[in-house]
Amino acid sequence: MIGRLLLLALGAALVACAARTADPVRTYDFGLPIGASSAPAGVHVRPVQAPEWLDRQDMLYRLAYRDSRVLEPYAAARWAGTPPAMLTLKLRQALGESDPRATPCVLSVELEEFSQVFDAPDASRAVLFARASLREAHGQRRSESTTWRLERAAPTADAAGGAAAFSELASELTGKLREWIVGLGYCR
């Protein structure tokens, strides 16, 4: 009986030690907002849309050197929100948020790819594909659409490196959208 109790106590102690040494789950986002930019006036940013498999907080990666068709989630890392929600916030911070009834244009963005791709065990890149459409909310109802396929090498081949690369890609996408909207010239 004492041997059994001793064995159970030893087992409980081992489980407690293992639980303490397990890596905590890290939560990533795109970092602190840099500040207000020269936002195009008159643009309402709709929530970013994405396929169901991208509309979750898992940080996804592909081991392209094995099989690029397989998406896997990191076990000890996740996004603070879903990629579409985080991109929506980033776009609204940079482009402004305005009442859709009082703005001349509406921006819609669809996220098609948002994963970290490993070309080798020690080399990865963030990959973001997005389709954007801008339409007049009133009047002539002009509309335009464009697609961006952006990639950025990750500084490290892990979740932290992927998060850093995605933060830069989110800023790059925001800048490209701002330039595109201003260049179209009808959202004033």
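Q: If you had to explain the environment of Arg-125 to someone new, which residues and values would you point to?
A: By the secondary structure assignment, Arg-125 is in strand S6 (residues 123–136). Taking the relative accessible area as the measure of exposure, Arg-125 reaches 22% and is therefore partly exposed. C-alpha of Arg-125 to C-alpha of Ala-154: the two residues are 29 residues apart in sequence and 4.9 Å apart in space. In contact with Arg-125, other than residues within four places in its own chain, are Ser-115, Gln-116, Val-117, Asp-119, Glu-151, Arg-152, Ala-153 and Ala-154. At 3.0 Å, the side chain of Arg-125 forms a polar contact with the side chain of Glu-151.

Q: Which residues make up the side chain of Gln-116, and what are the values?
A: Mapped onto the fold, Gln-116 is located in strand S5 (residues 105–120). With relative accessibility at 1%, the residue Gln-116 sits in the buried group.

Q: Give a detailed account of the pattern of salt bridges, specifying residues and quantitative values.
A: Inspection of every chain in the model, using the stated rule, returns 9 salt bridges. A salt bridge links Glu-113 to Arg-62; its shortest N-O distance comes to 3.1 Å. Pair noted here: Glu-113 is in strand S5 and Arg-62 is in strand S3 (residues 58–63), with a separation of 51 residues, a long-range link. For the pair Glu-113 and Arg-62, a shared accessibility class is recorded, and that class is buried. Note that Glu-151 and Arg-125 form a salt bridge whose closest N and O atoms lie 3.0 Å from each other. In this pair, Glu-151 sits in strand S7 (residues 143–153) while Arg-125 sits in strand S6, placing the two residues 26 residues apart along the sequence. Its relative accessible area of 44% is what places Glu-151 among the partly exposed residues. Several salt bridges converge on common partners, so that one network encompasses Asp-119, Arg-125 and Glu-151.

Each value, and the rule that gives it
Residues numbered from 1 in each chain as written. Predicted model: local features only at pLDDT ≥ 70, side-chain atom pairs only at ≥ 80, totals over all residues. Heavy atoms only, no water. Helix = DSSP H or I, 4+ residues; strand = E, 2+ residues; numbered from the N terminus. Buried < 20%, exposed > 50% of the residue type's maximum accessible area, 1.4 Å probe, protein only. Contact = heavy atoms within 4.5 Å. Polar contact = N/O pair within 3.5 Å; in protein donor to acceptor, adjacent residues only side chain to side chain. Salt bridge = Lys/Arg side-chain N within 4 Å of Asp/Glu carboxyl O.

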